[in-house]
Amino acid sequence: MRRHFEEVEEELRNRLLHMGGLVEEMIHWAGQALLERKEESLKKIAKNEEEVNQLHIEIDDRCLKLIALHQPTSADLRFIMACVKINSDLERVADQAVNISENTVVLLAQPQLKRKLLDIPRMVELAGGMLKDSLDAFVRKDVALAQAVVQRDEEEDQLKSEAFHELMQIMQADSSSIQRALGLILIARNLERIADHATNIAEDVIFMVLGKDIRHHAENKVR
Amino acid sequence: MEELLIMSQAALADSVLKKEEVPAPKIQTKDLALYYGNFRALKNVDISIPPQKITALIGPSGCGKSTLLRVFNRMNDLIRGVRISGQVFLDDQDIYHPDTDLIALRKRAGMVFQRPNPFPISVFKNVAYGPSIHGMASGRELESIVERHLRATGLWDDLKDKLHIPALSLSPEQQQRLCISRLLAVEPEVLLMDEPCSALDPIATARIEDLLFELKKDYTIVIVTHNMQQAARVSSSAGFMLLGELVEFGKTGQLFTNPIDPRTHDYITGRFG
């Protein structure tokens, strides 16, 4: 039955990666709409979200059946546990991308802020990159790459604090910018949450590969 | 209004078409009861075994699962004092009709037993026996039948140069594979398996399970097993039996994750049995 189990496991992995691809696209489009003011990108986000929500349910069901019918142990069990958790994180990332797109709709209805923002474009790039790397680490069972994702989370947190500070200054200087600046603060928060979910995925990959739980003590206790 | 009605009818037709198509059952029982003398071993069993899938029957010892399996090719007829009521269909054929040809029935629905039981003759003769007595083949044709069915069970590569050694000199796993080859050689439609792995070690069991998975593409398989994990792993439909009653029958994924009857829940979670 080993062969059959491996086939079912492979299908699960492929479905999860398909979901990951859809979510990566959503972050890309949300960033494009926000930074390049491309409103048409927002429409694509809603379409992907629908499929992501369906996959969220489907993947949980696959995991449930794999556990109930095959009683996996050892690395097989850790793999399925990782899939359950990554599935949940990906769905939350998709929700964050939708939140960004909703805030962007409001922003695009108004003129751009005069001051050029530096932190938010960097946050978009970093969060998207962290998610991509965490999924690559999952596919390749690459502990070093997962570890690098975990370490980059601090950078995203730092960028969010800087963005908050910068946007507060803008609001203090010009009260007509408050609504737009608040929208951007919310978006910075969404991006920071995306990086947190990517970090969770990376931690799950490390647990899946090594059986070591490094959560809540980020100073890399992998070895 | 009329337009609306037409639209809703179209939507209805569409929804009917989209429903999962359920193929006609390969085996079906209707209100089946079986008595050993005065003892009622099966009670009002209604079951539909889907074609070209593996169906597992589980339940504690004495629940009637092997009895039900033996109903499907009338093996119980060999036991004195057995009485049956209700109906059993193999496709459209009522197999308990007085005109039923039992030899033809057992050719269509053959059985593999708990302990491998090859005939005390050569490997080749074991597989060739059925086609010979049924007059299905002879000579070169028989050789090719033997090869085909030894290949189907993964025995050919190991045994092709030793076809004339005694079947009883094979390992238990090879003997069980040989029994399955012997069964396939008479071109059955249904394979009835009564604890086919219980005399085998875990590795041999895993390999037989892989074989069942291959075979289900061409055959309808019903397997009785004490091993719940095995039922969960191999089957697509499963039935839980208790005291001669089919308590619950459905898709294996459903039965093992969200059983409807509390007795099924208690059994599969090890609370009794």
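## Notes on the confidence of the model for chain B
All names here are of chain B.
Part 1 of the argument: Here chain B averages 91 in pLDDT, while 92% of its residues score no lower than 70.
Part 2 of the argument: Ranking the elements of chain B by mean pLDDT puts helix H1 (residues 2–18) last with 47 and strand S3 (residues 54–58) first with 98.
Part 3 of the argument: Ignoring residues within four places in sequence, the model shows residues 1–17, a span with pLDDT below 50, making zero contacts including any to other chains.

## Observations concerning the interface of chain B and chain A
Part 1 of the argument: The interface of chain B with chain A comprises 14 residues on the first partner and ten residues on the second.
Part 2 of the argument: Between chain B and chain A, roughly 1,000 Å² of surface is buried when both sides are summed, and carbon and sulfur atoms account for 64% of that area.
Part 3 of the argument: When the area that chain B buries against chain A is broken down by residue, the three leading residues are B:Asp210, B:Arg233 and B:Thr257, summing to 45%.
Part 4 of the argument: Taken together, the connections running from chain B to chain A amount to zero salt bridges.
Part 5 of the argument: Counting the contacts that link chain B with chain A gives one residue pair in polar contact (both at pLDDT 80 or more).
Part 6 of the argument: Mapped by element, the contributors of at least two residues to the side of chain B that touches chain A are helix H8 (202–215), helix H9 (228–234) and helix H10 (252–257) of chain B.
Part 7 of the argument: When grouped by side-chain class, the residues that make up the side of chain B that touches chain A number five nonpolar, five polar and four charged.

## Quick word on the nonpolar core
A general trend in soluble globular proteins is that nonpolar side chains are found buried together.
Part 1 of the argument: Ranked by internal contacts, the top residues of the largest apolar core, which has 69 residues, are A:Leu90, A:Ile120, A:Leu131, A:Leu167 and A:Leu191.
Part 2 of the argument: Within the residue set of this core, elements represented by two or more residues are helix H1 (2–36), helix H2 (40–70), helix H3 (74–108), helix H4 (119–140), helix H5 (143–173) and helix H6 (178–210) of chain A.
Part 3 of the argument: Residue contributions to this core peak at 14 residues, all from H6(A).
Part 4 of the argument: Apart from residues lying up to four places away in sequence, A:Leu167 is in contact with A:Leu113, A:Leu117, A:Ile120, A:Ala181, A:Leu184 and A:Ile185.
Part 5 of the argument: One finds B:Leu184, B:Cys197, B:Phe213 and B:Ala232 within the second-largest nonpolar core, a separate group that totals 34 residues.

## Brief notes about the pattern of salt bridges
Part 1 of the argument: Applying the stated criterion across every chain yields a total of 30 salt bridges over all chains.
Part 2 of the argument: Across the pair A:Asp133 and A:Arg152 runs a salt bridge, and its minimum N-O distance is 2.8 Å. With A:Asp133 in helix H4 and A:Arg152 in helix H5, this pair connects stretches of sequence that are 19 residues apart.
Part 3 of the argument: The class of A:Arg152 is partly exposed, set by a relative accessible area of 21%.
Part 4 of the argument: The shortest N-O distance in the salt bridge between B:Lys26 and B:Asp91 comes to 2.9 Å. With B:Lys26 in the loop between H1 and strand S1 (27–36) and B:Asp91 in the loop between strand S4 (82–90) and strand S5 (93–94), the pair connects residues that are 65 residues apart, well separated along the chain.
Part 5 of the argument: Overall, the relative accessible area of 11% leaves B:Lys26 in the buried class.
Part 6 of the argument: Classification of B:Asp91 as partly exposed rests on a relative accessible area of 33%.
Part 7 of the argument: One salt-bridge network, in which partners are shared between bridges, spans A:Glu11, A:Arg15, A:Glu58 and A:Arg62.

## Quick notes on the packing of aromatic side chains
Part 1 of the argument: Tallying each qualifying case throughout the model produces three aromatic pairs over all chains.
Part 2 of the argument: Measuring from ring centre to ring centre gives 6.1 Å for A:Phe79 and A:Phe138, while their planes differ by 10°; the resulting arrangement is stacked. One end of the pair, A:Phe79, is in helix H3; the other, A:Phe138, is in helix H4, with 59 residues separating them in the sequence. Each member of the pair, A:Phe79 as well as A:Phe138, is classed as buried.
Part 3 of the argument: An angle of 65° between the planes, with centres 5.1 Å apart, marks the rings of B:Phe119 and B:Tyr129 as edge-to-face.

## Topic: the packing of helix H5 (residues 139–152) of chain B against helix H7 (residues 172–184) of chain B
All names here are of chain B.
Part 1 of the argument: Where H5 meets H7, the closest approach of the two axes is 9 Å, and the angle between their N-to-C directions is 130°. Overall, the two elements H5 and H7 adopt an arrangement that is oblique. For the pair H5 and H7, the sense of crossing is right-handed. Across the interface between the two elements, His149, Leu150 and Ala152 from H5 touch Leu178, Ser181 and Leu184 from H7.

## Some thoughts on the side chain of A:Glu156
Residues and elements named next belong to chain A.
Part 1 of the argument: By the element assignment, Glu156 lies in helix H5.
Part 2 of the argument: Among buried charged residues, Glu156 stands out as having no salt bridge; its nearest opposite-charge side chain is Arg122, 7.1 Å away.
Part 3 of the argument: Those residues in contact with Glu156 that lie beyond four places of it in its chain are Met123, Leu126, Ala127, Leu191, Glu192 and Ala195.

Conventions we followed
- Residues numbered from 1 in each chain as written.
- Chains lettered and ligands numbered in written order.
- Predicted model: local features only at pLDDT ≥ 70, side-chain atom pairs only at ≥ 80, totals over all residues.
- Heavy atoms only, no water.
- pLDDT = per-residue confidence, 0-100.
- Helix = DSSP H or I, 4+ residues; strand = E, 2+ residues; numbered from the N terminus.
- Contact = heavy atoms within 4.5 Å.
- Buried area = accessible area lost by both parts, 1.4 Å probe.
- Salt bridge = Lys/Arg side-chain N within 4 Å of Asp/Glu carboxyl O.
- Polar contact = N/O pair within 3.5 Å; in protein donor to acceptor, adjacent residues only side chain to side chain.
- Nonpolar A, V, L, I, M, F, W, Y, C, P; charged D, E, K, R; others polar.
- Core = buried A, V, L, I, M, F, W, Y, C linked by side-chain atoms within 4.5 Å.
- Buried < 20%, exposed > 50% of the residue type's maximum accessible area, 1.4 Å probe, protein only.
- Phe/Tyr/Trp six-rings, centres within 6.5 Å; stacked < 30°, edge-to-face > 60°.
- Axes fitted to C-alpha atoms, helices over the stretch in contact; angles between N-to-C directions.
- Parallel < 35°, antiparallel > 145°, perpendicular 65-115°, else oblique.
- Left-handed = near helix turned anticlockwise from the far one by under 90°.
- Lys, Arg positive; Asp, Glu negative; His and termini not counted.

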